[in-house]
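Here is how the chains run, residue by residue.
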Amino acid sequence: MINHFRQAAHNKEFLITAEVTPPKGGNPARMLEMAKQLKGRVHGVNITDGSRAVLRMSSMAASALLLQYGIEPICQMTCRDRNAIALQADLMGAYALGLRNILALTGDPVKAGDHKQARAVFELESVRLLQMIDKLNRGIDNNDKPLPDDPLDLFPGAAVDPQSGSWSGLQRRFERKVAAGAQFFQSQLITDFERLDKFMHQIAANSDKPILAGIFLLKSAKNAQFINKNVPGVEIPDSIIKRLAEAEEPLKEGVKIAAEQVKLAQELCQGVHLMAVKREDLIPEILDQAGIKAIVST
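So, the overall build of the protein chain: which residues are in play, and what are the values?
What the protein chain contains, in helices and strands, is 11 helices and eight strands. The globule rule puts the C-alpha radius of gyration for 298 residues at 19 Å, and the 19 Å found for the protein chain is close to it. With respect to the principal axes defined by its C-alpha atoms, the protein chain has extents near 60 × 45 × 45 Å. Contacts spanning at least 24 positions in sequence make up 78% of the contacts within the protein chain whose residues lie at least 6 apart. When the accessible area of the protein chain is evaluated, it comes to approximately 13,900 Å², of which 50% is carbon and sulfur surface. Here the protein chain contributes 37 positive and 35 negative side-chain charges, whose respective centroids are spaced 3 Å apart.

Structure below.
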C-alpha cells in the first residue's frame, strides 16, 4: 500500500506536495498526464474537492485513478456537499480503495462557484470532520457505535492560513485542529514570509506537526492582480507584480519567483505545497531551480 507521505512526515523530511485539479467531465487523461510528470518529484499529489465550489470529478474517484498509476494522492474532502452519513461513507470508501491521506476542509461557499442554485450542506466543518476521522480510525462511528468491519487508518491533514487577519483566531483554530487529530497542515498561498516566520515561532512551535507553505505559480502581472482582487486574505506585493510586468517572459519569471519562495520556505517550515493551475508541468522546473532533488521513486 502506498503510504510514503506519512512515512516522510514521520521522518521529518522536507515534504513536497502539489495540487492537481480533477477533470470537468469523464475523461481523466489531462489530470493523469499532469500527475505523472510529478511522480518522483513530490511526496503526494493533492486532488481538489470542488475547489471554489466549481463542479469537478469526485476527488475520491480521481485519487483512486492516481493510485492505479503508482502516484500517492492526498484526497481533499469538504463538508460543503455532504452530511455526516455521506462523509463517513466516503471516508470508508476511500480507505477501502487504498487512499490513506485526507485533507479535511470546510469547503468554499456555493455562491462562489458555477452552481449558485445548489443547496449547501455544511452539517460539519473541518474541525468536526477531523474529529470524525479520528473516531473512524479508532473503530467507532460518529455516534460512538463500534464499526463491525474494522477501523480505518487514515492520515488526516488540515488547512491553515498564517496570513489571517485575526492572530488569536488563527491560534485558536490551529490548536483546535491539532487537538482534533490533524497530522499535517497545508497553508494557503503565502506571500508574506515574515508573517509565516512569526506563525512558525509563535503558534506552530508548540506543535510537532509539519507545516507546508503554499507556493503559487504566478503566470503574469495580470494574473497576480487578479488574485489580489479575488482571493481573500492574499496580497501579492507590488515588487513581485513589478517583476512580472517588466519581465520579457513573465511565465519564466513566475517560475523563478516560485523557486525563490520554495527556498525561503525551506528555512522556515517542513514543506511546501505547490499550486500551478493548468501548468502543473512546470512544477519540476520550479523544484529544480530551488535545488530540490528528485524523491525516491513513488
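From this point on, the discussion continues.
Outline the state of the cysteines, supporting the account with residue identities and numerical values.
In protein chemistry, a disulfide is the covalent bond that joins the sulfur atoms of two cysteines. On inspection of all chains with the given rule, the structure shows zero disulfides. Considering cysteine sulfurs only, Cys75 is the nearest to Cys79, which forms no disulfide, with 13 Å between them.

I'd like a description of the packing of helix 2 (residues 29-36) against helix 3 (residues 59-68), backed by residues and values.
Contact pair helix 2 / helix 3: the axes reach a minimum separation of 11 Å and the direction vectors enclose 50°. If you check the angle between helix 2 and helix 3, you find them oblique. Pair helix 2 / helix 3 crosses with right-handed handedness. Judged by residue contacts, Met31, Leu32 and Ala35 of helix 2 engage Ala62, Leu65 and Leu66 from helix 3. Here the contact of helix 2 with helix 3 is composed, by residue class, of six nonpolar, no polar and no charged.

Which residues make up the pattern of salt bridges, and what are the values?
Inspection of the entire model under this criterion finds 16 salt bridges. The partner of Arg82 in a salt bridge is Asp90, with the nearest N and O atoms 2.7 Å apart. Using a relative accessible area of 12% as the deciding quantity, one classes Arg82 as buried. The class of Asp90 is partly exposed, set by a relative accessible area of 21%. We note a salt bridge from Asp134 to Arg138, for which the minimum N-O separation is 3.0 Å. Assessed through its relative accessible area of 32%, Asp134 is described here as partly exposed. By relative accessible area, which is 52% here, Arg138 ends up exposed. Members of the salt-bridge network, linked through shared partners, are Asp49, Arg82 and Asp90.

Conventions adopted
- Residues numbered from 1 in each chain as written.
- Predicted model: local features only at pLDDT ≥ 70, side-chain atom pairs only at ≥ 80, totals over all residues.
- Heavy atoms only, no water.
- Helix = DSSP H or I, 4+ residues; strand = E, 2+ residues; numbered from the N terminus.
- Rg over C-alpha atoms; globule rule 2.2 N^0.38 Å.
- Contact = heavy atoms within 4.5 Å.
- Areas by Shrake-Rupley, 256 points an atom, 1.4 Å probe, with all protein chains shown as cover.
- Lys, Arg positive; Asp, Glu negative; His and termini not counted.
- Charge placed at Lys NZ, Arg CZ, Asp CG, Glu CD.
- Disulfide = S-S within 2.5 Å.
- Axes fitted to C-alpha atoms, helices over the stretch in contact; angles between N-to-C directions.
- Parallel < 35°, antiparallel > 145°, perpendicular 65-115°, else oblique.
- Left-handed = near helix turned anticlockwise from the far one by under 90°.
- Nonpolar A, V, L, I, M, F, W, Y, C, P; charged D, E, K, R; others polar.
- Salt bridge = Lys/Arg side-chain N within 4 Å of Asp/Glu carboxyl O.
- Buried < 20%, exposed > 50% of the residue type's maximum accessible area, 1.4 Å probe, protein only.

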